[in-house]
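Below are the chains, spelled out letter by letter.
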Amino acid sequence: MDTFLVLLLLAALAGVVFFVVLALAGKGSKRGNFAKSGGCLLAVLVLVFVIGSMEEDSPVSEDAAVDASEEDTEAEDKAEQEELEAEEAEEQKQEEQEAREAEEQAKKEQEAKEAEEQAKKEQEAKEAEEQARKEEEERKAEEERKAAEAEENSLTLSQEQAISMAEDYLNYTAFSKSGLMEQLVFEGFSQEEAAFAVENITVDWQEQAVMMAQDYLDYTSFSRQGLIDQLTFEGFSAEHATYAVSQVGF
């Protein structure tokens, strides 16, 4: 309560006491007047007390309002803090998600790179194996060629003679393969030597059939079938004989 109100209250209280004393001491109308004055002072005293009480209650109300305002502020701060924490949690979650996605992407890229490298290694190994196979085949072919050359260079005299005689016969007349072998055997070569000579000369037996067919027609007459039979008798295959007869005009 303010000092002024305290003093006023004390003065009013003193006045009430004073007029009460006068009213008790006075007589007649004076007592009534003193009583009225004391009542007025008492009313003033009550009014001052009420005002003082209101003023005392007002700070409480103001304090309550302040407290309520502080609570609202704290609630707002707490809500803002919770919202901020929620945003930070969401950002953290988003960052973790992006980190996981980046890690998964890096893992996929690494796996793809490893798969590509593995495929490349397998392709290189396959190419190396293919190259090695080709080189091995070429080596074998070269060895076989050299062996054939060595074998050719190591022909016996009889084999060389058989080959030479076979080529001589083919230079002036036509022969079938079997006919030429028989001729070489007739000349005194063994069956093996005659076969070796026939297998080691370069000759087109189909063309030999055509030449023999033409030779027969040059000195005698034949029917188509008769000429085919004669060529077959000479040792040509039916296919070569038929071809030769067709080539000479039948």
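By convention here, each chain's residues receive numbers from 1 onward along its written sequence. It should be noted that, the model being predicted, local features are given only for residues of pLDDT at least 70 and side-chain atom pairs only at 80 or more, the latter also being counted only at that level, while totals for whole chains, interfaces and linings use all residues. Computation of side-chain values covers all heavy atoms of the structure but excludes hydrogens and water.

## Brief notes about the overall build of the chain
In terms of helices and strands, the chain carries eight helices and zero strands. Secondary structure elements are defined from DSSP: runs of H or I of at least 4 residues count as helices, runs of E of at least 2 residues count as strands, and each element is numbered from the N terminus. The linear arrangement of helices and strands in the chain, starting from the amino end, is α-α-α-α-α-α-α-α. Here the chain holds 250 residues, and the buried ones make up 18% of them. The contact criterion used throughout is that any non-hydrogen atoms of two residues lie within 4.5 Å. In the chain, the share of contacts with a sequence separation of at least 24, taken over all contacts with a separation of at least 6, comes to 56%. Summed over all atoms, the accessible surface of the chain reaches about 18,200 Å², with 53% contributed by carbon and sulfur. The rule is simple: take the accessible area with a 1.4 Å probe, protein chains only, and divide by the maximum for that residue type; under 20% is buried, over 50% is exposed, in between is partly exposed. For the accessible areas, the method is Shrake-Rupley and the probe is 1.4 Å, while residue cover comes only from the protein chains on display.

## Quick look at the packing of helix α6 (residues 205–219) against helix α8 (residues 238–247)
Where α6 meets α8, the closest approach of the two axes is 8 Å, and the angle between their N-to-C directions is 50°. Between α6 and α8, the interaxial angle falls into the category oblique. As for the relative orientation of α6 and α8, their crossing is right-handed in sense. Where α6 approaches α8, its residues Trp205, Gln206, Ala209, Val210 and Ala213 are matched on the opposing element by His240, Tyr243, Ala244 and Gln247. Here an axis means a line fitted to C-alpha atoms, over the contact stretch when the element is a helix, while the angle between two N-to-C directions is reported on a 0 to 180 degree scale. In these notes the angle categories are as follows: under 35 degrees is roughly parallel, over 145 is roughly antiparallel, 65 to 115 is roughly perpendicular, and the rest is oblique. Crossings are assigned a handedness: left-handed for a near helix turned anticlockwise from the far helix by less than a right angle, right-handed for a clockwise turn.

## Re the packing of helix α3 (residues 157–172) against helix α5 (residues 191–199)
At a minimum axis distance of 8 Å, the contact between α3 and α5 shows a crossing angle of 55°. Classed by the angle they form, the pair α3 and α5 counts as oblique. Crossing handedness for the pair α3 and α5: right-handed. Contacts from Ser158, Gln159, Ala162 and Ile163 in α3 reach Glu193, Phe196 and Ala197 in α5.

## Side note on the nonpolar core
Put simply, a nonpolar core is a bunch of buried Ala, Val, Leu, Ile, Met, Phe, Trp, Tyr and Cys residues held in one set by side-chain atoms that sit within 4.5 Å of each other. With 17 residues, the main nonpolar core has Ile163, Leu180, Leu184, Val198 and Ile201 as its most contacted residues. Where this core is concerned, the elements lending two or more residues are α3, α4 (177–186) and α5. Discounting chain neighbours no more than four positions away, the residues touching Val198 are Lys177, Leu180, Met181, Leu184 and Trp205.

## Remarks on the packing of aromatic side chains
Centres within 6.5 Å make a pair out of two Phe, Tyr or Trp rings, where for Trp the six-membered ring is used; the pair is then stacked when the planes are under 30 degrees apart, edge-to-face when over 60, and tilted otherwise. In total, this model carries four aromatic pairs according to the counting rule given. For the ring pair Tyr169 and Phe175, a centre distance of 5.5 Å and an interplane angle of 75° mean the geometry is edge-to-face. The same class applies to Tyr169 as to Phe175, namely buried. When the centroid spacing of 5.9 Å and the interplanar angle of 45° are considered together, the rings of Tyr216 and Tyr219 count as tilted. Of this pair, Tyr216 and Tyr219 both sit in helix α6, three residues apart, roughly one helical turn. For Tyr216, a relative accessible area of 11% translates into the label buried. Through pairs of rings, three or more aromatic residues link up here, namely Tyr169, Tyr172 and Phe175.

## Structural notes on the pattern of salt bridges
In what follows, salt bridge is the name for a side-chain nitrogen of Lys or Arg lying within 4 Å of a carboxyl oxygen of Asp or Glu. Summed over the entire model, instances satisfying the criterion amount to six salt bridges. Between Arg133 and Glu130 there is a salt bridge, with its nearest N and O atoms 2.3 Å apart. Within this pair, Arg133 and its partner Glu130 are both found in helix α2 (residues 29–153), separated by three residues, close to a single helical turn. Residue classification places Glu130 among the partly exposed positions, given a relative accessible area of 32%. The residue Glu136 makes a salt bridge to Arg139 at a minimum N-O spacing of 2.2 Å. Separated by three residues within a single helix, Glu136 and Arg139 lie in helix α2, roughly one turn from each other. Note on Glu136: relative accessible area 31%, which makes it partly exposed. Within this structure, Glu130, Arg133 and Glu137 form a network of salt bridges that share partners.

## Considerations on the side chain of Gln208
Along the chain, Gln208 turns up in helix α6. Among the polar contacts made by the side chain of Gln208, one reaches the main-chain amide nitrogen of Phe175 at a distance of 3.1 Å. Not counting chain neighbours up to four residues away, the residues in contact with Gln208 comprise Leu170, Thr173, Ala174, Phe175, Val203 and Phe236. We call two N or O atoms a polar contact when they sit within 3.5 Å, provided that within protein one can donate a hydrogen and the other can accept it, with sequence-adjacent residues counted only if both atoms are side-chain atoms.

## Side note on the side chain of Glu193
You can see Glu193 is positioned in helix α5. The side chain of Glu193 sits in the buried core without any salt bridge; Lys177 is the nearest counter-charge, 17 Å away. Non-local contacts of Glu193, meaning those with residues more than four positions away in its chain, are made with Ser158 and Ala162. Just so you know, the count uses Lys and Arg for positive and Asp and Glu for negative, and it drops His and the chain ends.

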